[in-house]
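Chain by chain, the residues run as shown.
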Amino acid sequence: MSSINLVDLAGSERSDISGTSGDRLKEGSLINQSLSTLGNVIKCLTDKTKGKQFVVAPYRESILTKLLKNALGGNSKTAMIATISPADIHYEETLSALRFANKAKNIKTTAVVNESQTDKLVRELREENQKLLDMLRRGQMGIGYTEEEVAEMRHSLEEQLKKNQEEMEKMNNSWQQRLKEAEAQNKLKLEEERQEQERMKSVPHLWNLHEDPALTGMVTHFIIPGKSKVGTLKGTEILLSGLSILPDHAVIYNKDGVVNVRPNADARLLVNGDEVRSDKMLRHNDRVLFGHNHLYVLHHPQDLAKQLREGRSVEKPTYDAAQQEIAQHLGLIGITGNRSKNRTQDDLLLEEELVQVLPHVNQANAISQELEKRVHFDIILVAPQARGLSEGRAEVCVKLVDCISGNEWVWSKNKFTNRKYMMAEMYEHYMEGQTDWDASCKDKDPFWEASDTEVPIGTVHVYLQSLAYVIELDETLAITDFRGAEQGYLHVAVVPCDDQGLERREDFLENPQEMIGKELHFKIKILSAKNLPTKIRTCFCKYKVYLDDKSTMTHESLQTGETHDINHQHLFTFNPVTKQFLSYLTNSSVVIEVWGKQERGSGEQGSLLPSSSTEPLSSARSSASDVVGANGHITDGDKCKLLVEVSTFRKRAERAEQILMRIKSLLDEAVEEKLQVLAVEDLLKVLGSGSSATLSRDLSDNLGASKDNKGNANVTSEACSVQ
């Protein structure tokens, strides 16, 4: 019997784009896991096609690959169509799909008739018997033979027919015998399973936890009384293999019903999420992680009975709960700052991503250490403000640290996932003993990143409230990275000007609403950056103003001493000013992203065993507590806005004070000269030079209207009274 399967593979789910939550989010996570397993299966089948031996495709690691087993590596003909998107926002997905299709096309399948060897032999014997019978019935013995020869040939055919018939009966009997043997083996296997189940009711044992629920509980290790060694050595009671599993990894003691575990030196062992360095007593349902991949649960029948007698609630652990427990002990759960039960959807999505990425980061670090790549990976959270956005949720990224040069790069989660796939492939080649496992070309090394790759240094928030009053802003602002730590300072100025670009540093508005309907010209100046990290060789900035689709970029500047001279200025014109734009000036800021390129081989010699991946996360949670540091530079984003407001009000008061001083000076001169009236032109000159040009024009219009109805003396007097 043949069958036709039409399979529509779902694409990888991006929860941050689709905005899924709850069951849909869980479903998307399982889809991504199944697609990853499918990629591993296709890689193994490709290796088989290339002639590699002892390669076993992990069909049973997911339901999807079990369903596709015949289509991928069985007796079948398979056609696969990969669909890609031309949009640049789907670049990572397109690259992954093309890589997936490139692997799949190398698989060779051969379709043959589904027939066992026994059935085939029986069929051939029956066909031969039928042919012999037909020859006997028709008497087709040939022409030119004597009767004796014909009789001899007939006798030979009858003997052959009889022999074939006996062979068929013998094969049928052997099939019946094999069937009985198979039934006996099944009964023996069932009996062994029954005995094992009975043994599990009384003997402490470890059972595995797997991200695929169908594979959970499929591996069992009994903890016999006495001592049980855990490791990779042959003859070990609990034999494990894989990343970070040492030949003599740990010892489990079972004495008088009490189970203890003792890790050996340099062995990675977690119990309930906590790292263990000495003897640790294990209780029922304790979660034990050997290395990075082997996650087990202890089933202790006697301890279970004791807990039930004490009235305790005993729940069966799950893989997701165990991973969340590990993440919580590492400080990942609750990093969003909202530890209450009423967490938002963004908090739940963020923690879900952290729990998913954590095992892969640990595996990448283990591979790097075993292959002596001298790099380390850390999980980091990048706030939307650090990405040049005004709002949104934090993004999970991975920081790559070169332990020798000290250089750092930030990878997106998708880029890290693609590199992790290549790392696992390199590690498999290494374990197989291939001489060319290490990529000779740096571009093909998943652990390598070019030193001249652009890296984000930090961001600066420039609030534009002063522009609403046509007042300039000139500040040296702190450059803060994703952790909120200072990485240097940026000298920025925002100056109102006319349509020719000439700066206007004297005019100002008392009421920003007067700007609506008029035109506004201003310059954004980025003068210099200083005190940047020493490993930064060149730097440049980019930013967007209001509704810009494309960023305005500065040129790359080389370091001169401790300063990078940027000397950038750009003229912006808005005509007319709308209420929406005025609201933007009053409440929003321009986010200036500072990027740079690192020195080759710069930095101090790094340790080959950096701190754990939780260090940047704890740094991300901390923020600068001081508004202004000891050097007087502004360091905090929200409080920076308040300082800009204070600076704007101060400058407005200074401008108003200047106007009052000019008027007072004008009055003093009039008193000295014993003048009884002041000329309107003199007042307009004072108001036009130091105050709002709008106010001056409005006053001039009012006086002009009065001239039609009054004399000059009255006009002058009214001008004084108006002021």
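Bear in mind that the values here come from a model prediction, so they are computed numbers and not experimental data.

Residues E158, E159, E166, E167 and E169 make up a contiguous surface patch of negative charge. Tracing the chain through its elements places E158 in helix α7 (residues 147-200).

Further remarks concern the nonpolar core. Counting residues in each nonpolar core, the largest one holds 39 residues, and the members touching the most others are V462, L490, F522, V545, L585 and I592. Elements with a minimum of two residues in this core: β15 (455-463), β16 (473-480), β17 (486-497), β18 (520-530), β19 (536-543), β22 (563-574), α12 (579-587) and β23 (589-598). Residue contributions to this core peak at 5 residues, all from β18. Setting aside chain neighbours within four positions, we find V462 in contact with L473, L477, V492, V494, S589, V590 and I592.

Tallied over the full model, the rule gives 14 aromatic pairs. Here the aromatic rings of F377 and W411 are separated by 5.8 Å at their centres, their planes lie at 50°, and the arrangement is tilted. Of this pair, F377 sits in strand β12 (residues 375-382) while W411 sits in strand β14 (residues 408-412), placing them 34 residues apart in sequence. Per residue, the accessibility class of F377 equals that of W411, and both read buried. Considering the side-chain rings of F522 and F572, the 5.5 Å spacing of their centres and the 20° angle between planes classify their relative orientation as stacked. Highlighted residues: F522 in strand β18 and F572 in strand β22, separated in sequence by 50 residues. An identical accessibility class is assigned to F522 and F572; each is buried. Ring pairs connect the aromatic residues F522, Y543, Y546, F572, F574, F581 and Y584, which therefore count as one cluster.

The subject of this paragraph is the pattern of salt bridges. Scanning the entire structure with this criterion turns up 18 salt bridges. For the salt bridge of E275 with R277, the shortest nitrogen-to-oxygen distance reads 2.7 Å. Residue class for R277 comes out exposed when judged on its relative accessible area of 56%. Of the charged contacts, one joins K535 and E408 as a salt bridge, the two residues approaching to 4.0 Å between their closest N and O atoms. With K535 in the loop between β18 and β19 and E408 in strand β14, this residue pair connects regions lying 127 residues apart in the sequence. For K535, a relative accessible area of 17% corresponds to the buried category. For E408, a relative accessible area of 27% corresponds to the partly exposed category.

Interaxial distance between helix α9 (residues 319-329) and helix α10 (residues 345-370) falls to 9 Å at its minimum, and their mutual angle equals 85°. As far as their axial angle goes, α10 and α9 are roughly perpendicular. Residue-level inspection shows Q323, Q324, I326 and A327 of α9 in contact with α10, the latter providing V355, L358 and P359. Counted by class, the contact of α9 with α10 contains 5 nonpolar, 2 polar and no charged residues.

The rules we used
Residues numbered from 1 in each chain as written. Predicted model: local features only at pLDDT ≥ 70, side-chain atom pairs only at ≥ 80, totals over all residues. Heavy atoms only, no water. Patch = residues over 30% accessible without salt bridge, like charges linked within 9 Å, V, L, I, M, F, W, Y side chains within 5 Å. Areas by Shrake-Rupley, 256 points an atom, 1.4 Å probe, with all protein chains shown as cover. Salt bridge = Lys/Arg side-chain N within 4 Å of Asp/Glu carboxyl O. Lys, Arg positive; Asp, Glu negative; His and termini not counted. Charge placed at Lys NZ, Arg CZ, Asp CG, Glu CD. Helix = DSSP H or I, 4+ residues; strand = E, 2+ residues; numbered from the N terminus. Core = buried A, V, L, I, M, F, W, Y, C linked by side-chain atoms within 4.5 Å. Buried < 20%, exposed > 50% of the residue type's maximum accessible area, 1.4 Å probe, protein only. Contact = heavy atoms within 4.5 Å. Phe/Tyr/Trp six-rings, centres within 6.5 Å; stacked < 30°, edge-to-face > 60°. Axes fitted to C-alpha atoms, helices over the stretch in contact; angles between N-to-C directions. Parallel < 35°, antiparallel > 145°, perpendicular 65-115°, else oblique. Nonpolar A, V, L, I, M, F, W, Y, C, P; charged D, E, K, R; others polar.

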